[in-house]
Amino acid sequence: MSQEWYTFSREETLQRLRTDLHRGLTAAEVEARRREHGPNELAGQPPTPLWRRFLDQFKDFLVLILLGSAAIAGLLGEVIDAVAILAIVVLNAVMGLIQEGRAERALAALKKLSVPVTTVVREGETVRVPSPELVPGDIVVLNAGDLVPADLRLLETVNLKVDESALTGESVPVDKHAETLVEPGAAVGDRVNSAHLGTTVTYGRGLGVVTATGMKTELGKIAELVSSVGEEATPLQEKLEQFGKWLGIACLLISALVFILTFTEPGVLSQALRDPRVVVDTFMTAVALAVAAIPEGLPAVVTIVLALGMQRMVSRHAIIRRLPAVETLGAATHICSDKTGTLTENKMTVRRVYLGDGTLLSVTGQGYEPHGEFLSDDRPIAPDRSDLRWLFRIAAGCNDASLITKVTDRGEVSTIVGDPTEGALVALAAKGGLLKEEFDVEAPRIDEVPFDSVRKRMTTVHRLPEGVFALAKGAPDMLLALCSSYLDGEAVKPLGEGKRAEIAARIGEMAGEGLRVLGLAYRPLGKAIPTEAEELERDLVFVGLAGMLDPIRPEVKEAVQTCREAGITPIMVTGDYPQTARAIGAELGMMAEDGRVVTGVELEKMTDAELDVAVREARVFARVSPEHKLRIVEALKRQEKVVAMTGDGVNDAPALRMADIGVAMGITGTDVAKEAADMVLTDDNFASIVAAVGEGRAIFENIRKAIIYLLSCNVGELLLFFIAILMRLPAPLTAVQILMVNLVTDGFPALALGVDPAEPGLMKIPPRDTKAGIISRNTMIRLIVVGVLVAVGALVAFLAFHDPRNPESLPMARTAAFLTMSLSQLWRALSNRSERISSFHMPLFSNPKLILAIGASIAATAAVIFVPYLRDHVFELVLPPLAEWEVVLSMSLIPFIGAEALKIFRIAAPDEARA
């Protein structure tokens, strides 16, 4: 029976779990406990046995039709035909099993990439480890936005709130208090000193010790999985499954109709009554017709292309968490992106400091190095002024980041642990001679109000030598509104309207230079420290401004241009100042220098109709909150746009879910944002979103290529049979021969087309219309034209060797039709790589898999012709003479020539003129 850890004190809990608050577990202890308790994972569904997966290959409606055909053929005495059909269906099942295995391995690899990580204390060091590696006794660090990785007894809490709705159904976040003891038998929602797997930290921070992992957690007890990756079918897969069922029903009806109509011909019924073989032959012709219309390889192609496409996106720094996102990405019309860290490098360096007395300083130094000078009119000044010392105190104290030194090939390099903006402030204080670790000892933090995206500020309370003070930093306009005085050198003076306007103007000037501006202030406190943020953060003393330079990522400008060429509208959605956002937006080419910028205040006042106009006109939205992001997405979707939206915070989750493609930041993003997103960027780079869109387009086009290729082949086979029936000719191909063409000659190249490299110029055409579907009117025209040419070529070859007066000519004629059909499909595979670029301009070996697939298909076809048993007994063909080969080769090129001619005449609609 599990322990009721919430009834124990913090000290007793640590003692029972044999762990240390400050040092955590050792590596040896972690390994021993992992062997004892197993991985920190919830038990999923057991893997499907191989035999069950093999049998599942026969559940497809189209395959069931083939099995039924084989069974009836066997009952009618056509044993060889029945065995051949079964053999080919089994081979198709084996191929499907192999492709399914590849797809599952690809998805499993993606799951490993998207495993959440947790911050823990081990051997006295704070490290990040994959959540499945946690063990009881681990000391876990919690921050706002984290998913609670296991069941924890909390040890320290600072304004900690946890959303337990996934576990208890209670929608209001619960305040947590580590010091509180809870009575035995308390419900999960009443355990205020504990946090549980599957819940989310919405506010504050804390420290906890792992008390249970995996299936021993509260969530594990009810065996409820909190998330899954890539298990749902895409809309395309669902449409194709439905299409396959309708196609199968149509095949059965057409076959039945042909079977019935055959007996309406003069003399056929009487002949059938005398000779049962006529009935058998007529039925097998109907079976061949049904087989001709069924694209057996279609499901396998779509599954493997999607799965391998997801795997390929990883190399583009994009992890797809939900399969439908692959399909949607290629249709994106708008990309709404954060600025900091996505359009910019998020490598902050303070370059300007403005002090309350009006002094403007320049700050030198590189990156996070704690060395630099403070320049006034290009002359160095000593950083020992009283107001500067207060600025450094706030920069170091109201801060959760820290500077560390790493030894590299270039020597010692300073870097940060924590947020880059806070890291820049720690480096600023260090340049002024105040090290954060020393300040934390001299002026310990005794309380805090963490940063959140609504207040846009953070406040900490410290015991300084002069007394207790609140130190605050945040958005300068919002912080300035809370100030009643300012620091002028050593004197605190009232903040009048004139001075307030002067500071506001300076904020605008610094933001106009493309700097990210933060305000810094303090407030002396008495003995009674306010507990509410509103009370604590009032009557502040304004100290100064810090203007940080965040360089634009060098590759983003080109990515923005790529967006414009691809018909995609990039929109900046940032919490920064309008002037900063405008400067960066203009530099990136997102907007003209005099273009419209919409602020959060303006957006707040807009009706939905006004916002609809704003999202059509503006390319930059500044000073926005997560709630504004949601409204922007809704406005774009009302206009039937396909929207990708980035986010990293807890409050971004609703907008990420609402967007067609929610994009979370892999480096700076919270666990909550990642869980809500469809895609996670491993490098937080806007250029990676654009690259992923290009990859999404290529994947969708490859699926389209494969589908069009398979269906055009099937249309050709259907037309061949219809024309033959109208001309009262015998069946040009038997059911077994058709299956051979469909499975081998069509199947291998179709799979290879599914992994074709992206066609040049794919990102220079507009996004596709999501409502158009794959089989649109223009696509159908191409299918029919190419299908007719396939049918005509095969029929001419059949007629060239068929003599109605000589029944023995039928095998020779069918051999000619079989070879023509097979080879025409292979030439067509080369032509199908693009519907707008000539095959002679496509690099022949840019898709080696297609060359191998064509080679394998040719080898399989050659085996059917040159292996006597297969040729004579299974497929009922003959060894063709040289004259037949001449006809076959010339007729098989007709569909290829026709498809190339279509590219010249551009029958395709603009949105379909893509490979």
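What this report covers is the structure whose coordinates are included nearby. (Residues numbered from 1 in each chain as written. Predicted model: local features only at pLDDT ≥ 70, side-chain atom pairs only at ≥ 80, totals over all residues. Heavy atoms only, no water.)

Attention shifts here to the overall build of the protein. Summing up its helical and strand segments, the protein has 33 helices and 28 strands in all. In the protein, buried positions account for 55% of the 915 residues. A separation threshold of at least 6 residues defines the contact pool for the protein, and within that pool the share at least 24 residues apart is 71%. For the protein, the exposed area adds up to about 38,500 Å²; of that, 59% sits on carbon and sulfur atoms. (Helix = DSSP H or I, 4+ residues; strand = E, 2+ residues; numbered from the N terminus. Buried < 20%, exposed > 50% of the residue type's maximum accessible area, 1.4 Å probe, protein only. Contact = heavy atoms within 4.5 Å. Areas by Shrake-Rupley, 256 points an atom, 1.4 Å probe, with all protein chains shown as cover.)

We now examine the sheet that holds strand β23 (residues 569-573). Taken in spatial order, the eight strands of this open sheet run β8-β28-β27-β26-β9-β23-β25-β24, and their pairing is mixed. Strands with a single pairing partner mark the edges of an open sheet, and in this sheet they are β8 (318-320) and β24 (597-599). Ignoring which end each strand starts from, the neighbouring axes of this sheet average 20° apart. As paired strands, β24 and strand β25 (residues 620-622) are joined by three bridges and run parallel to one another. Paired with Val597 across the two strands is Val620, which belongs to β25. Lying over the sheet, helix α23 (residues 626-638) contacts β9 (334-337), β23, β25 and β26 (643-647), oriented at roughly 170° with respect to β26. (Pairing = 2+ DSSP bridges. Axes fitted to C-alpha atoms, helices over the stretch in contact; angles between N-to-C directions.)

Their axes nearest at 9 Å, the elements helix α28 (residues 777-801) and helix α32 (residues 882-892) cross at an angle of 160°. Considered as vectors, α28 and α32 are oriented roughly antiparallel to each other. Between α28 and α32 lies a crossing whose hand is right-handed. Note on element contacts: α32 touches α28 through Ala883, Glu884, Val887 and Met891, opposite Gly793, Val796, Ala797, Ala800 and Phe801. Of the residues contributing to the contact of α28 with α32, the split by class is seven nonpolar, one polar and one charged. (Parallel < 35°, antiparallel > 145°, perpendicular 65-115°, else oblique. Left-handed = near helix turned anticlockwise from the far one by under 90°. Nonpolar A, V, L, I, M, F, W, Y, C, P; charged D, E, K, R; others polar.)

Here the focus is unusual backbone geometry. Phi at His317 takes a positive value of approximately 65°, unusual for a residue other than glycine. If you trace the backbone, His317 turns up in the loop between α11 (298-314) and β8.

With that out of the way, let us pick up helix α26 (residues 686-726). Here α26 is 41 residues long and its end C-alpha atoms lie 59 Å apart, about the 60 Å a rise of 1.5 Å per residue gives. With 35 of 41 residues buried, α26 lies mostly within the body of the structure. Near the N-terminus of α26, the side chain that reaches the backbone nitrogen of Ala687, with its oxygen 2.9 Å away, is that of Asn685. Directly after α26, the chain includes Arg728, whose backbone phi takes a positive value near 55°. (Expected span 1.5 Å × (residues − 1). Polar contact = N/O pair within 3.5 Å; in protein donor to acceptor, adjacent residues only side chain to side chain.)

For the coordinates displayed, the defined rule picks out six aromatic pairs. Centre to centre, the rings of Trp390 and Tyr522 are 4.0 Å apart; their planes meet at 10°, and the pair counts as stacked. A residue pair is termed long-range when its members are at least 10 positions apart, and Trp390 in helix α13 (residues 386-397) and Tyr522 in strand β21 (residues 515-525) qualify at 132 residues. Classification of Tyr522 by relative accessible area gives buried; the value is 6%. (Phe/Tyr/Trp six-rings, centres within 6.5 Å; stacked < 30°, edge-to-face > 60°.)

On to the environment of Pro494, then. In this fold, Pro494 is placed in strand β20 (residues 491-494). Assessed through its relative accessible area of 68%, Pro494 is described here as exposed. For the pair Pro494 and Val541, spaced 47 residues apart in sequence, the C-alpha to C-alpha distance is 8.9 Å. Excluding anything up to four places from it in sequence, Pro494 contacts Ser484, Ser485 and Tyr486.

All right, on to a nonpolar patch on the surface then. Together, Met780, Ile784, Val788, Val792 and Val796 make up an exposed nonpolar region whose accessible area comes to about 350 Å². Turning to its location among the elements, Met780 is positioned in helix α28. (Patch = residues over 30% accessible without salt bridge, like charges linked within 9 Å, V, L, I, M, F, W, Y side chains within 5 Å. Salt bridge = Lys/Arg side-chain N within 4 Å of Asp/Glu carboxyl O.)

Take the pairing of β9 next. Side chains of β9 alternate between two faces, with His334 and Cys336 and Ile335 and Ser337 buried alike. Across four bridges, the pairing between β9 and β23 is parallel. What sits directly across from Cys336, in β23, is Ile571.

Membership of the largest hydrophobic core comes to 113 residues, with the highest contact counts inside it found for Ile335, Met679 and Phe686. For this core, the element with the most residues is α26, which contributes 18 residues. If we skip the residues at most four places from it in the chain, Ile335 touches Cys563, Ile568, Thr569, Pro570, Ile571, Ala644, Phe686, Ile689, Val690 and Val693. Within the second largest apolar cluster, 34 residues are counted, among which are Ala395, Leu425, Ala429 and Leu520. (Core = buried A, V, L, I, M, F, W, Y, C linked by side-chain atoms within 4.5 Å.)

A few words now on the side chain of Arg500. With respect to the element layout, Arg500 can be found in helix α17 (residues 497-512). Although buried, Arg500 forms no salt bridge, and the nearest oppositely charged side chain, Glu497, lies 4.0 Å from it. Within polar-contact distance, the side chain of Arg500 engages the backbone oxygen of Cys483 at 3.0 Å. Each residue touching Arg500, except ones within four places of it in the same chain, is listed here: Leu480, Ala481, Cys483 and Leu495. (Lys, Arg positive; Asp, Glu negative; His and termini not counted.)

Summed over the entire model, instances satisfying the criterion amount to 42 salt bridges. A salt bridge links Lys493 to Asp488, with the shortest nitrogen-to-oxygen separation between them at 2.8 Å. For Lys493, a relative accessible area of 34% corresponds to the partly exposed category. Classification of Asp488 by relative accessible area gives partly exposed; the value is 22%. It is possible to trace a salt-bridge network through shared partners that takes in Arg205, Asp400, Arg445 and Glu448.

Let's shift gears to helix α20 (residues 578-588). The α-helix advances 3.6 residues per turn, and as a result positions three or four apart in sequence lie on the same side. Buried within α20 we find Thr580, Ala581, Ile584, Gly585 and Leu588. Down the axis of α20, the buried set is contained in an arc of 125°. They therefore lie on one face. Lining the buried residues of α20 we find α17, β21, α19 (556-565), β23 and β25. Looking one or two places after α20, you find Gly589, whose phi comes out positive at around 85°. (Arc of directions from axis to C-beta.)

Along the polypeptide, Thr200 turns up in strand β7 (residues 200-212). Taking relative accessible area as the criterion, Thr200 reaches 14% and is therefore assigned buried. Apart from residues lying up to four places away in sequence, Thr200 is in contact with Asp146, Leu147, Lys161, Val162, Asp163 and Val672.

The subject of this paragraph is the environment of Ala813. Along the polypeptide, Ala813 turns up in helix α29 (residues 810-831). Along the chain, Ala813 and Ala800 lie 13 residues apart, while their C-alpha atoms are 7.2 Å from each other. For Ala813, the residues in contact, after removing those within four places along its chain, are Phe798, Phe801 and His802.

It is worth spelling out the pairing of β26 at this point. Counting buried positions along β26 yields five of five residues, so the element is predominantly enclosed. Note: β26 against strand β27 (residues 661-665), four bridges, orientation parallel. Paired with Ala644 across the strands is Ile661, a residue of β27. Once the chain exits β26 it traverses helix α24 (residues 653-658) before rejoining the sheet at β27, and the crossover so formed is right-handed. (Right-handed = clockwise from strand over helix to strand, strands pointing away.)

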